[in-house]
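# Structural characterization, general
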Amino acid sequence: MSNFLTASIGKKFVMSVTGLFLVVFIAVHLALNLMLILDDSGDLFNMAAHFMATNPAIKIMEPVLALGFIIHIVWSLWITVQNMKARPVKYAKQDLKNSSSWASRNMLILGSLVLVFLVMHIMHFFWKIKVTGSPLLEEVTVMQGGVHVHMENAYALVASLFKSNALYSVLYIAGAILLGMHITHGFWSAFHTIGWNNKIWRKRLEVVALIYAIVIAVGYSIIPLYFLIKF
Amino acid sequence: MADITLKKIYVKVWRQNSPKDKGRFETYEVENVSQGSSFLEMMDILNDNLVREGKDPIAFDHDCREGICGMCSLYINGKAHGPDTEITTCQLHMRKFSEGETITIEPWRAGSFPVIKDLMVDRTAFEEILQSGGFVSVNTGGVPDGNTIPIGYEDSEEAMDAAACIGCGACVATCKNSSAMLFVAAKVSHLAKLPQGQVEAKRRARNMVAKMDELGFGGCTNTGACEAECPKAISISNIARLNREYLCAKIAE
């Protein structure tokens, strides 16, 4: 396996594996977030958040997830810089609009915008819950399986931001759409890079990628829209 | 039906005296070009005019002029081999252009394809990749009868589709990353699909990819632009096969 990680295909393999890992993560994240709109009392979301915060498996996955993000981002920059160097003199006129999709040509731009959103997102929620704390997070008691369980009121933190800040809601929707666009190319491309593709599977994977991207973009957008409309 | 004649067109061409020269665009007027003439015939007319004016004609690559040799190139109006699909530049006709149009012509742009002069680029890099593994080693002695080697229909078709690659370099020229993956994938695929190519399959995938990287071609990001611009419509499914072959070869290493 010598030089695998520095070879062009090896670097892309790293992008694919981390990308597919992140694809699974965002689906889990979405499933949990949808609890926000299923129960206005917040108990359901708080229970889900409490489960995630106390589950040992999730505790192990948290640093793995962070590593997944970091590798995906660092490798993408490494690949992009090398790819840009491969053409020292640019074309005066280049017409790629009919031969490739816009998203496929602008994965770095889409990824960077998603990263900007991610940093903001972490500061608003993850950082407050894990590090700084917030008065909104004051403990609540939820009936769970016949017993009272004390837990942080994560619902209050999230819901209050969506209820009070329309701008944040708009940015959240924009983030969801950008992520969806990133996935339209990234999802099938990841399978292609690990070699799981041929003429028949390509059509299937592209359709699945599109459906998945729409589910993610729409799924995440529904949450701020729900709070904007209802409250 | 008689061909329409374009009374005047403008040709904006990249001129570069030598590999070291910085290069610049120059615009020429060409009059009375029949739409029935080929693009390279229009270039011949333009060069004839330049020679008559005592100027240096434009250097461009061409050979068979029937779309099979892979010698012609040219990035025309932002597209490799110009505004048509599944053709080489020599198969492009002036009926794709209109009266008074300015046609921009650039050489293939890639660090691994340095400009020799004007529109001619050095594609030796492709030869080097081929020499690193794009072959089958055959012992001397009696030649085995081809018909005694059983090959499935699908496999032979796929191998032939990949073997249609003429090595023109349009994939590299059109790729936003100047990646040679479609070329390497075509060469690896057409041999990997046939029994004769199996013996050296792992070594071939490893060596050709290593050579491609060493020569400074970019990495593949699966945009698919190469397959759309390829004059032989070689599918990027071959790239998936190359990825598969390469990963298996590296695991077995």
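Just so you know, these numbers come straight off a predicted model, no measurement behind them. Positions within a chain are numbered from 1, following the residues in the order the chain's sequence is written. The lettering of chains begins at A and the numbering of ligands begins at 1, in the order of writing. Local features are withheld for residues below a pLDDT of 70 in this predicted model, meaning they are given only at 70 or higher, and side-chain atom pairs are given and counted only at 80 or more; totals for whole chains, interfaces and linings count all residues.

## Quick notes on the overall build of chain A
Secondary structure elements follow DSSP: runs of H or I no shorter than four residues count as helices, runs of E no shorter than two count as strands, and numbering proceeds from the N terminus. Of the regular secondary structure elements, chain A holds nine helices and two strands. Taken along the three principal axes of its C-alpha coordinates, chain A extends 65 × 40 × 35 Å. Buried, partly exposed and exposed are defined by the number of other C-beta atoms within 10 Å of a residue's own C-beta, namely 20 or more, between the two limits, and 12 or fewer respectively, with C-beta atoms placed from the backbone. Each of the 231 residues in chain A was classed as buried or not, and the buried ones make up 29%. Nonlocal contacts in chain A, meaning residues at least 24 apart in sequence, comprise 73% of its contacts between residues at least 6 apart. Placing a C-beta atom from the backbone of each residue, one calls two residues in contact when those atoms lie within 7 Å.

## As for the interface of chain B and chain A
Contacts between chain B and chain A engage 38 residues on the former and 37 residues on the latter. Elements with a contribution of two residues or more to the side of chain B that touches chain A: strand 5 (102-106), helix 7 (201-214), helix 8 (225-229) and helix 9 (237-252) of chain B. Broken down by element, the residue count for the side of chain B that touches chain A peaks at seven residues, all from helix 9 of chain B. We call Asp, Glu, Lys and Arg charged. Ala, Val, Leu, Ile, Met, Phe, Trp, Tyr, Cys and Pro are nonpolar, and the rest, Gly among them, are polar. Here the side of chain B that touches chain A is composed, by residue class, of twelve nonpolar, 17 polar and nine charged.

## With respect to helix 3 (residues 43-54) of chain A
The end-to-end C-alpha separation of helix 3 of chain A is 16 Å, in line with the 16 Å expected for twelve residues at 1.5 Å each. Packing partners of the buried residues in helix 3 of chain A comprise helix 1 (8-33), helix 2 (35-38), strand 1 (140-144), strand 2 (147-151) and helix 7 (154-164) of chain A. A helix is expected to span 1.5 Å for every residue after the first.

## Re the environment of A:Ile109
Tracing the sequence through the fold places A:Ile109 in helix 6 (residues 107-132). For A:Ile109 and A:Gly42, which are 67 residues apart along the polypeptide, the C-alpha to C-alpha distance reads 36 Å.

## Brief notes about helix 5 (residues 181-192) of chain B
Residue and element names in this part refer to chain B. For helix 5, with twelve residues, the first-to-last C-alpha span of 15 Å sits near the 16 Å given by 1.5 Å per residue. Counting buried residues along helix 5, twelve of its twelve residues qualify, which places the element largely inside the surrounding structure. Within helix 5, burial applies to Met181, Leu182, Phe183, Val184, Ala185, Ala186, Lys187, Val188, Ser189, His190, Leu191 and Ala192.

## Focus: the packing of helix 1 of chain A against helix 9 (residues 199-230) of chain A
Residue and element names in this part refer to chain A. Under this scheme, a helix contributes an axis fitted over its contacting stretch, all axes are lines through C-alpha atoms, and angles between N-to-C directions fall in the 0 to 180 degree range. In contact at an axis separation of 10 Å, helix 1 and helix 9 are set at 30° when each is read in the N-to-C sense. Taken together, the axes of helix 1 and helix 9 are roughly parallel relative to one another. The handedness of the crossing between helix 1 and helix 9 is left-handed. Contacts from Ile26, Leu30 and Asn33 in helix 1 reach Ile216, Gly219, Tyr220 and Ile223 in helix 9. Classifying every residue of the contact of helix 1 with helix 9 by side-chain character gives five nonpolar, two polar and no charged. When an angle is under 35 degrees it counts as roughly parallel; over 145 it counts as roughly antiparallel; between 65 and 115 it counts as roughly perpendicular; any other value is oblique. If you view the pair so one helix is near and one far, a crossing is left-handed when the near helix is turned anticlockwise from the far one by less than a right angle, and right-handed when it is turned clockwise.

## A short note on the environment of B:Ile116
Residues and elements named next belong to chain B. Assignment of secondary structure puts Ile116 in strand 6 (residues 115-117). Along the chain, Ile116 and Asn17 lie 99 residues apart, while their C-alpha atoms are 8.1 Å from each other. For Ile116, the contacting residues outside a window of four places in its chain are Pro19, Val121 and Asp122.

## Side note on the domain arrangement of chain B
All names here are of chain B. Per the annotation, domain bounds derive from an automatic or database assignment of domains. Taken domain by domain, chain B comprises domain 1 (5-117) and domain 2 (123-138 + 151-252). On a C-alpha basis, the centres of domain 1 and domain 2 stand 28 Å from each other. In this complex, domain 1 contributes 18 residues to the contact, which on the side of domain 2 involves 17 residues. For the side of domain 1 that touches domain 2, a count of residues per class yields eight nonpolar, seven polar and three charged.

## A short note on the environment of A:His121
Residue and element names in this part refer to chain A. Inspection of the secondary structure puts His121 in helix 6. We classify His121 as partly exposed; it has 16 C-beta atoms within 10 Å. Along the backbone, His121 and Met52 are 69 residues apart, and their C-alpha atoms lie at a distance of 18 Å.

## Topic: the nonpolar core
Remark: nonpolar core denotes a set of buried Ala, Val, Leu, Ile, Met, Phe, Trp, Tyr and Cys residues whose joining runs through C-beta atoms within 7 Å. Ranked by size, the top nonpolar core spans 70 residues in total, and within it B:Cys171, B:Val172, B:Ala180, B:Leu182, B:Phe183 and B:Val184 carry the most contacts. Ranked by residues supplied to this core, first place goes to helix 5 of chain B with nine residues. Each of domain 1 (5-117) and domain 2 (123-138 + 151-252) of chain B accounts for three or more of the residues forming this core. The residues touching B:Phe183, leaving out its near neighbours within four places in the chain, are B:Phe126, B:Cys165, B:Gly167, B:Cys171 and B:Val172. Listed in part, the 31 residues of the second largest apolar core include A:Leu36, A:Leu110, A:Ala176 and A:Leu178.

## Notes on the sheet that holds strand 4 (residues 79-80) of chain B
Residue and element names in this part refer to chain B. A pair of strands counts as paired when DSSP detects no fewer than two bridges linking them. Pairing within the open sheet is mixed, and its five strands lie in the order 2-1-5-3-4. Both outer strands of the open sheet, strand 2 (24-34) and strand 4, are each paired with one neighbouring strand and no more. Against the sheet, helix 1 (residues 39-52) contacts strand 1 (5-15) and strand 2, and its axis sits at roughly 105° relative to strand 2.

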